[in-house]
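Take a look at the letters that make up each chain.
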Amino acid sequence: MNDPNGLCCFQDRIHVYFQYCPESADGQGNRRWGHYEGEDLLHWTYTGIMMSPDCKWDRDGVYSGSAVEDQDHLLLYYTGNVLYDGDYDGILAGREGNTLRAISTDGRHVREKDLLLTPKDYPADCSCHVRDPKVWKEEGLWHMVLGARTRENRGIVLRYQSTDGQRWQYVGRIQTKEPFGYMWECPDRFVLEEEEFLSFCPQGVPSEEFRYQNVYQSGYASLTEEELGVFTEWDMGFDFYAPQTFLMPDGRRILMGWMGIGDADYTNATITEGWQHCLTVPRELYRTKAGRIGQRPFREWRRLCMHPLKWAANMAVPAPFVLEGRAAGDFSITLAKHLHIDFDQAQGILRLHFSSPELGAGRKERRVRMDGCEEVLVLVDSTSVEIYLNDGEVVLSTRYYPGEGPIAVSMRGIDGDIWPMEGMEVKYLAT
Ligand code: FRU
């Protein structure tokens, strides 16, 4: 499974679609959309493949997109990938990223597909890489943003408008003053506490010691008219990319990301079992005092908790569990003997690192500058760890492969609770 698509609430259900490549665990094969449906954020049903390449406009892949409810229908806007036969670079020639709309009445099946935009409808300076429509309605108008790479290798976002959700007009672009990567994927525009934001995934941004440490980036910036604010990464761990947000009926803005990334120089040990990747837990977004976006794991996680265990410096706890602690100065947490979370107060550096290549399947180290780190919440599952620091001002996610049995936990400089948990419920209507 790859990135989440079409996150939405429709007909009293939460819908989580995702890029799915069932033919092979290493992603060789055409992309489809798989589908999970939630009664709430804890009880899910997998209903199977929802969309597959089956027309000439999406014949080489049903790529990423978004969902909008309209008059009892769910409209799914997505990219139809088409590759030409022949010797092309796939950047300046040989590929189409068509924008399509699929209509569903139940969220599980597609009734029809329409072609909305083809390469001739994109600005002439765009390369063949234009994709991942995010559509929303506001004040009687329909809006769309699309990720794009120009022919001169600049990442940008294209903006379109429509009065009916079907006929679209190009109205401009969003870009940074200075070039920032060669391609921007998976844009998401949303409003949080009355401020407008653009989330996007730039590719081709050079790595720095404390920033942009992954092969591709994923972050957000405030958006005013066509001005973009400072780009801030969503997650500083090894495994996070292409998130989307949606609104819950109770007003919470939820973000879910792909706990994976393409083209990384580390891997996932489950490939030999025929699968890889997962999504993050749903995260509640809020605005921090500093005007940035904080992320808290969905509050329903507490409903999965059993009795807390007595805190000790060394423990062995079956996953999943949450470690909820407070620190004052330096601390360190070690999971499964070789995954370390270390905070050095004097240097103001938080490090997530592996001391064995097996546990991290090739992951080494990620670093974050932090003036202080008092609040620590770690969601520990059997192959994934999500670390929320200072009430989610900084988040790091990673996969790890500890094997069967309880997870060894050792801690220094930190005090709090360990909550053993039940898993979320996932039923299967399809395999
Ligand atoms: C993000 C992405 C999207 C694209 C999809 C294809 O990981 O590259 O830009 O639509 O995956 O699977």
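Above this text sits the structure in question.
These notes cover the structure that comes with them. Owing to the predicted nature of the structure, the values given are computational and were not obtained by experimental measurement. Residue numbers restart at each chain and count upward from 1, following the sequence in its written direction. Given that the model is predicted, a residue must reach a pLDDT of at least 70 before its local features are reported, and side-chain atom pairs must reach 80 or more before they are shown or counted; all residues, however, enter totals for whole chains, interfaces and linings. To get the side-chain values, all heavy atoms of the structure are used, and hydrogens and water are removed first.

**As for unusual backbone geometry**
Here comes step 1: Cis geometry is found at the peptide bond from Ala319 to Pro320, where omega equals 5 degrees.
Here comes step 2: Counting from the N terminus, the helices are DSSP H or I runs at least four residues long and the strands are E runs at least two residues long. Within the secondary structure, Pro320 is located in the loop between β23 (314-317) and β24 (321-335).
Here comes step 3: At His277, a residue that is not glycine, the phi angle is positive and equals roughly 80 degrees.
Here comes step 4: Within the secondary structure layout, His277 lies in the loop between β19 (253-259) and β20 (278-279).

**Concerning the packing of aromatic side chains**
Here comes step 1: Ring geometry is summarised as follows: Phe, Tyr and Trp rings, the Trp one being its six-membered ring, pair when their centres sit within 6.5 Å, and such pairs are stacked at plane angles under 30 degrees, edge-to-face over 60 and tilted between the two. Applying the stated rule across the entire model yields 24 aromatic pairs.
Here comes step 2: With a centroid separation of 6.2 Å and 65 degrees between ring planes, the pair formed by Trp33 and Tyr78 is classed as edge-to-face. Placement of the pair is Trp33 in strand β3 (residues 32-38) and Tyr78 in strand β6 (residues 73-83), with a sequence separation of 45 residues. With respect to class, Trp33 is no different from Tyr78; both count as buried.
Here comes step 3: A network of ring pairs unites the aromatic residues Phe18, Tyr20, Tyr36, Tyr46 and Tyr428 as a single cluster.
Here comes step 4: Either the NZ atom of lysine or the CZ atom of arginine qualifies as a charge over a ring when it sits within 6 Å of the ring centre and within 35 degrees of the ring normal. We note Arg296 situated over the ring of Tyr286; from NZ or CZ to the ring centre the distance is 3.7 Å.
Here comes step 5: Sitting above the plane of the Phe210 ring, Arg369 keeps its charged end 4.3 Å from the centroid. In this scheme, a residue with accessible area under 20% of its type's maximum is buried, one over 50% is exposed, and one in between is partly exposed, where area comes from a 1.4 Å probe on protein chains only.

**Let's talk about the nonpolar core**
Here comes step 1: One finds Phe331 and Ile333 to be the most contacted residues of the largest nonpolar core, which totals 44 residues.
Here comes step 2: Among the elements that take part in this core, β24 stands out by supplying 6 residues, more than any other.
Here comes step 3: Whether two residues touch is decided by their heavy atoms; if any such pair falls within 4.5 Å, the residues are in contact. In this view, Ile333 contacts Leu323, Leu339, His340, Ile341, Asp342, Val376, Val378, Ser410, Met411 and Ile414; residues no more than four positions away in its chain are not counted.
Here comes step 4: Ile14, Leu42, Phe246 and Leu377 belong to the second-largest nonpolar core, a separate cluster that totals 27 residues. Only buried Ala, Val, Leu, Ile, Met, Phe, Trp, Tyr and Cys residues count toward a nonpolar core, and they belong to the same one when joined by side-chain atoms within 4.5 Å.

**Re the sheet that holds strand β32 (residues 425-428)**
Here comes step 1: Across the sheet, 5 strands lie side by side as β1-β2-β3-β4-β32; this open sheet has mixed pairing. Unpaired on one side and paired on the other, β1 (4-10) and β32 mark the two borders of the sheet. Looking at each pair of strands side by side, their axes are set apart by 25 degrees on average, direction ignored. Note: two strands are recorded as paired if DSSP finds a minimum of 2 bridges between them. Angular values range over 0 to 180 degrees, each being the angle between N-to-C directions of two axes fitted as lines to C-alpha atoms, with helices fitted over their stretch in contact.

**Here's the deal with the site of the ligand**
Here comes step 1: In these notes, residues near a molecule or strand are those with any non-hydrogen atom within 4 Å of it. Every residue close to the ligand is listed here: Asp3, Gln19, Arg31, Tyr63, Ser64, Arg131, Asp132, Glu185, Cys186, Tyr241 and Trp258.
Here comes step 2: Here a polar contact is recorded for every N or O atom pair within 3.5 Å, except that within protein the pair must consist of a potential hydrogen donor and a potential acceptor, and residues adjacent in sequence are included only if both atoms are side-chain atoms. Contact between the ligand and Gln19: an oxygen atom at 2.6 Å from a side-chain N or O atom of the residue.
Here comes step 3: Between an oxygen atom of the ligand and a side-chain N or O atom of Glu185, the distance comes to 2.8 Å.
Here comes step 4: Here the ligand loses 90% of its free accessible area of 310 Å² to cover by the protein chains.
Here comes step 5: Of all the secondary-structure elements, those providing two or more residues to the shell around the ligand are β5 (62-70), β9 (126-138) and β13 (183-192).
Here comes step 6: Throughout, the ten residues Ala, Val, Leu, Ile, Met, Phe, Trp, Tyr, Cys and Pro are labelled nonpolar, Asp, Glu, Lys and Arg are labelled charged, and all others, Gly among them, are labelled polar. Each residue belonging to the shell around the ligand can be placed in one class, and the counts come to 4 nonpolar, 2 polar and 5 charged. Values of accessible area rely on a 1.4 Å probe in the Shrake-Rupley scheme; residue burial ignores everything except the protein chains shown.

**A word on the environment of Arg149**
Here comes step 1: Positionally, Arg149 belongs in strand β10 (residues 141-150).
Here comes step 2: Taking relative accessible area as the criterion, Arg149 reaches 12% and is therefore assigned buried.
Here comes step 3: Among residues more than four places away in sequence, those in contact with Arg149 are Ile91, Cys126, Ser127, His129, Arg154, Tyr182 and Met183.
Here comes step 4: Of the polar contacts made by the side chain of Arg149, one reaches the side chain of Asn153; its length is 2.9 Å.

**Section: the sheet that holds strand β8 (residues 112-117)**
Each strand in a sheet pairs with its neighbour through backbone hydrogen bonds, running either in the same direction (parallel) or in the opposite one (antiparallel).
Here comes step 1: Taking strand neighbours across the sheet as the criterion, the 4 strands line up as β5-β6-β7-β8 in an open arrangement whose pairing is antiparallel. Where the open sheet ends on each side, the last strands, each with one partner, are β5 and β8. Sheet twist, expressed as the mean angle between neighbouring strand axes with direction ignored, is 30 degrees.
Here comes step 2: Across 10 bridges, the pairing between β6 and strand β7 (residues 95-104) is antiparallel. In the sheet register, Leu75 faces β7, and the bridge partner there is Ile103.

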